[in-house]
Amino acid sequence: MANSTDKIPTIDDLIKLDQDDPLNWTRDEFEIPNIKACGGEGDGGAIYFCGNSLGLLSKKARKHMIEELDVWSTSSVTGHFSHPHKRPWKHVDQPLTPHLAKLVGAKESEVAHSSTLTSNMHNLFTSFYRPTIKRWKIVIEKGSFPSDWYAVHSHPKLHEAVLSPQQIDEAIIGLEPREGEDTLRTEDILKVIEENQDEIAIVWLPLVQYYTGQLFDIATISPKVHSIGALLGLDMAHGIGNVECKLNEWDVDFAVWCTYKYLNSGPAGIGGFYVKDGLDNGGRRLAGWWGNDSATRFQMLPEFNPTKGAKGYQHSCTPVFSSIPLLSTLELINKIGFNKMLKKQKDLTGLLEKLLKSSKYYKPFLNTKNQNELGFKILTPEFPFRGTQLSISILPENNKEIMPKIFSRLIKNGLIGDERYPNVIRLSPVVLYNKFEEIGKAFKILEDAFKAEEDGKEFENEIDLDMISKD
Ligand SMILES: *Cc1c(COP(=O)(O)O)cnc(C)c1O
């Protein structure tokens, strides 16, 4: 926090923080969603803490999108080559590449802007998951995003000529937190890698976990993965535009991301991927004309001549209508400097954490006395092992009915987070468009929601606390 006293700040203190914030101008670059349209009651802007799921529309993006529609309307196919705003569609990815490379900590040759996250994952697994009878296993978290879990499970089956049915069944190693814990410990990941060192082909991890918000210690994990002769792949869906990504420095082999979360490319917008320079694909690659050398692409030759680097793994021409909003945000981030964003993020999320921890409903330690009480705990690790997002788990853990009620009350009062069944609410104050004042207001809405739940006696303590042990 900017002022690091332990006092809980008042709304006036937060307004002052916003006034003094050197990045306070960026909010005005975005269109803030409306409470009523989001399902709440009242007028005005919602408190939007859901940029981890869908980033907001920037005003520049709206302007540029309208320009693109006009170019489509007036110039039609010629917009691919000559474009009144100097964004010829044929090369629409070109201005994106340098920004993306910088943001993920890689060389431009290692970055491509293409397709969507899961498809990019399949694309890269086709080239880099090349199992042998000795080394065929894939490590992934059991609690991973379902798309990653499904995708990873589908690959060993494509290798029936090499792997036995039993090997296919045993191909996936699922990482799990320790009993009673919510996030994975780095030491436990290292241990699993060590224990299966001869059999692991790929370790697939998120940079930031979608459910818990945990930031993985890739700098520590990567050398271990490489020391056993496996490859390290990263899902950066919740990492890119949120936390520092250092793909080269961490020596990651390949990675994928989407851009509709922290990079505001719009619903289901384009994805991207990274392939470390020189990574051997064993001569296996899914080919498409957009992966062909751009110098000869339009000669329509029968022979596929891949572009060097990551762009050689592209398939189709680049979707213009999600690249344009993405470019607006990338240019904005470039103008601000990502390091400055990281500093503000630490302060914003740190403030939310501080307020949450001050709540009487905050129950970090469950015991026989309080385990049936209404409240919440924070699943997300403390700084530095997190980014923007804080995930709270609504208590008591065995009651699945409270979270949806709390969540509806948040929406009703204009706080837009998102819910993950059974018990989790994710809140992500985003540097580009959220303010300190909103964190104070959001906290009040959350406390009021718990209070309403408590007062409404909709939740009854079923166990007589005096009857059970006093420890
Ligand atoms: C958002 C997200 C996805 C979404 O995949 P799409 O292919 O873009 O639909 C996949 N994996 C993770 C970890 C995500 O957070």
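Predicted model only: the values in this text are computed from it and were never measured. (Residues numbered from 1 in each chain as written. Predicted model: local features only at pLDDT ≥ 70, side-chain atom pairs only at ≥ 80, totals over all residues. Heavy atoms only, no water.)

*Asks:* For this particular structure, what's the right way to read the overall build of the protein?
*Replies:* Looking only at helices and strands, the protein features 13 helices and 13 strands. Taking 23 Å as the expected radius of gyration for a compact globule of 471 residues, we find that the protein reaches 24 Å, a close match to that expectation. Taking the principal axes of its C-alpha atoms as reference, the protein extends roughly 80 × 60 × 35 Å. Taking all 471 residues of the protein together, the buried fraction comes to 53%. For the protein, restricting intrachain contacts to residue pairs at least 6 apart in sequence, the fraction spanning at least 24 positions comes to 71%. Put simply, the protein shows about 21,300 Å² of open surface, and 53% of that area lies on carbon and sulfur atoms. The protein carries 55 positive and 64 negative side-chain charges, and their two centres are separated by 4 Å. (Helix = DSSP H or I, 4+ residues; strand = E, 2+ residues; numbered from the N terminus. Rg over C-alpha atoms; globule rule 2.2 N^0.38 Å. Buried < 20%, exposed > 50% of the residue type's maximum accessible area, 1.4 Å probe, protein only. Contact = heavy atoms within 4.5 Å. Areas by Shrake-Rupley, 256 points an atom, 1.4 Å probe, with all protein chains shown as cover. Lys, Arg positive; Asp, Glu negative; His and termini not counted. Charge placed at Lys NZ, Arg CZ, Asp CG, Glu CD.)

*Asks:* Mind showing me how you'd approach the site of the ligand here?
*Replies:* Within the structure, the ligand sits among Leu 117, Thr 118, Phe 145, Asp 148, Asp 235, Ala 237, His 238, Cys 258, Tyr 260 and Lys 261. One of the side-chain nitrogen or oxygen atoms of Asp 235 is found 3.2 Å away from a nitrogen atom of the ligand. Isolated, the ligand exposes 390 Å² of accessible area, and the fraction of that covered by the protein chains is 83%. The residue makeup of the shell around the ligand, split by class, is five nonpolar, two polar and three charged. (Near = heavy atom within 4 Å. Polar contact = N/O pair within 3.5 Å; in protein donor to acceptor, adjacent residues only side chain to side chain. Nonpolar A, V, L, I, M, F, W, Y, C, P; charged D, E, K, R; others polar.)

*Asks:* Help me understand the domain arrangement of the protein in this model?
*Replies:* It is common to give the size of an interface as the accessible area lost on bringing the parts into contact. When cut into domains, the protein gives domain 1 (11-57 + 337-454) and domain 2 (93-319). Placing a centre on the C-alpha atoms of domain 1 and another on those of domain 2 gives a separation of 30 Å. Taken together, the contacts link 32 residues of domain 1 with 22 residues of domain 2. Together domain 1 and domain 2 conceal approximately 2,000 Å² of surface at their shared face, both sides included; 54% is due to carbon and sulfur atoms. Looking at the side of domain 1 facing domain 2, the largest losses of area belong to Phe 338, Leu 379 and Phe 385, adding up to 24% of the total buried there. On the surface where domain 1 and domain 2 come into contact, there are one salt bridge. (Domains from an automatic or database assignment. Buried area = accessible area lost by both parts, 1.4 Å probe. Salt bridge = Lys/Arg side-chain N within 4 Å of Asp/Glu carboxyl O.)

*Asks:* Got a minute to help me understand the nonpolar core in this structure?
*Replies:* Among the nonpolar cores identified, the biggest contains 96 residues, and Leu 207 and Leu 234 are the most heavily contacted of them. Here this core spans two domains, since at least three of its residues come from each of domain 1 (11-57 + 337-454) and domain 2 (93-319). Apart from residues lying up to four places away in sequence, Leu 207 is in contact with Gln 214, Leu 215, Phe 216, Ile 218, Leu 234, Asp 235, Met 236, Gly 239, Val 243, Glu 244, Cys 245 and Trp 250. One finds Ile 140, Leu 163, Ala 171 and Cys 258 within the second-largest nonpolar core, a separate group that totals 29 residues. (Core = buried A, V, L, I, M, F, W, Y, C linked by side-chain atoms within 4.5 Å.)

*Asks:* Where do I start with the packing of aromatic side chains in this structure?
*Replies:* Think of a pair of aromatic rings as described by two things: how far the centres are apart, and how the planes are tilted against each other in angle. This structure, assessed with the given rule, holds 16 aromatic pairs. Look at Phe 145 and Tyr 210: their rings are 5.0 Å apart centre to centre, the planes differ by 80 degrees, and that puts the pair in the edge-to-face class. In this pair, Phe 145 sits in the loop between β3 (137-141) and α5 (146-154) while Tyr 210 sits in the loop between β5 (200-206) and α8 (218-227), placing the two residues 65 residues apart along the sequence. Site record: aromatic cluster; members linked through ring pairs are Phe 125, Phe 128, Trp 204, Phe 254 and Tyr 313. (Phe/Tyr/Trp six-rings, centres within 6.5 Å; stacked < 30°, edge-to-face > 60°.)

*Asks:* Would you mind showing me how to read the sheet that holds strand β10 (residues 390-395) here?
*Replies:* Spatially, four strands are ordered β9-β10-β13-β12 in an open sheet, and the strand pairing comes out antiparallel. Either end of the sheet is taken by a strand with one partner, and the two such strands are β9 (375-378) and β12 (418-420). This sheet shows a mean twist of 30 degrees between the axes of neighbouring strands, independent of strand direction. With four bridges joining them, β10 and strand β13 (residues 424-427) adopt antiparallel strand pairing. Directly across from Ile 392, in β13, lies its bridge partner Ile 425. Across the sheet, helix α11 (residues 338-358) lies against β9, β10 and β13, angled at about 20 degrees from β10, the strand it touches most. (Pairing = 2+ DSSP bridges. Axes fitted to C-alpha atoms, helices over the stretch in contact; angles between N-to-C directions.)

*Asks:* Help me understand the pairing of strand β8 (residues 271-275) in this model?
*Replies:* Burial analysis of β8 places five of its five residues in the buried class, the great majority of the element. Side chains Gly 271, Phe 273 and Val 275 of β8 all project onto a buried face; the interleaved residues Gly 272 and Tyr 274 project onto the opposite face, where all are buried too. Here strand β2 (residues 111-113) pairs with β8 via three bridges, running antiparallel. For His 113, the partnering residue across the bridge sits in β8 and is Gly 272. As defined by bridge partners, strand β7 (residues 254-258) adjoins β8 across five bridges and the pair is classed as antiparallel. Bridge pairing in β8 links Cys 258 to Gly 271.

*Asks:* Explain the packing of helix α2 (residues 59-75) against helix α10 (residues 320-336) here, please?
*Replies:* Interhelical geometry of α2 versus α10 gives an angle of 145 degrees and a closest axis separation of 8 Å. Where α2 crosses over α10, the two elements pack in a sense that is right-handed. In this structure, α2 uses Lys 60, Ala 61, His 64, Met 65, Glu 68, Leu 69 and Trp 72 to contact α10, whose residues at the interface are Val 320, Phe 321, Ile 324, Pro 325 and Ser 328. Split by residue class, the contact of α2 with α10 holds eight nonpolar, two polar and two charged. (Left-handed = near helix turned anticlockwise from the far one by under 90°.)

*Asks:* Would you mind going over a nonpolar patch on the surface with me for this structure?
*Replies:* On the surface, a cluster of nonpolar side chains totalling about 540 Å² of accessible area is made up of Val 77, Phe 81, Trp 289, Phe 298 and Met 300. Looking at the element boundaries, Val 77 is found in the loop between α2 and α3 (96-104). (Patch = residues over 30% accessible without salt bridge, like charges linked within 9 Å, V, L, I, M, F, W, Y side chains within 5 Å.)

*Asks:* Is there a simple way to explain the UniProt feature "domain: Aminotransferase class V" (unreviewed entry) in the protein in this structure?
*Replies:* In this numbering, the UniProt entry assigns the feature "domain: Aminotransferase class V" (unreviewed entry) to residues 183-371. The span residues 183-371 carries 33% helix and 12% strand; its end-to-end C-alpha distance comes to 20 Å. (UniProt positions renumbered as here; feature names shortened; annotations may be inferred.)

*Asks:* Would you take a moment to explain the sheet that holds β2 for this structure?
*Replies:* Pairing between the strands of a sheet comes from backbone hydrogen bonds, and it takes one of two forms, parallel or antiparallel. Sheet architecture is open: seven strands sit in the order β2-β8-β7-β6-β5-β3-β4, paired in mixed fashion. For this open sheet the edge positions go to β2 and β4 (172-175), each flanked by a neighbour on one side alone. Taken pair by pair, the neighbouring strands of this sheet meet at an average axis angle of 15 degrees, ignoring direction.

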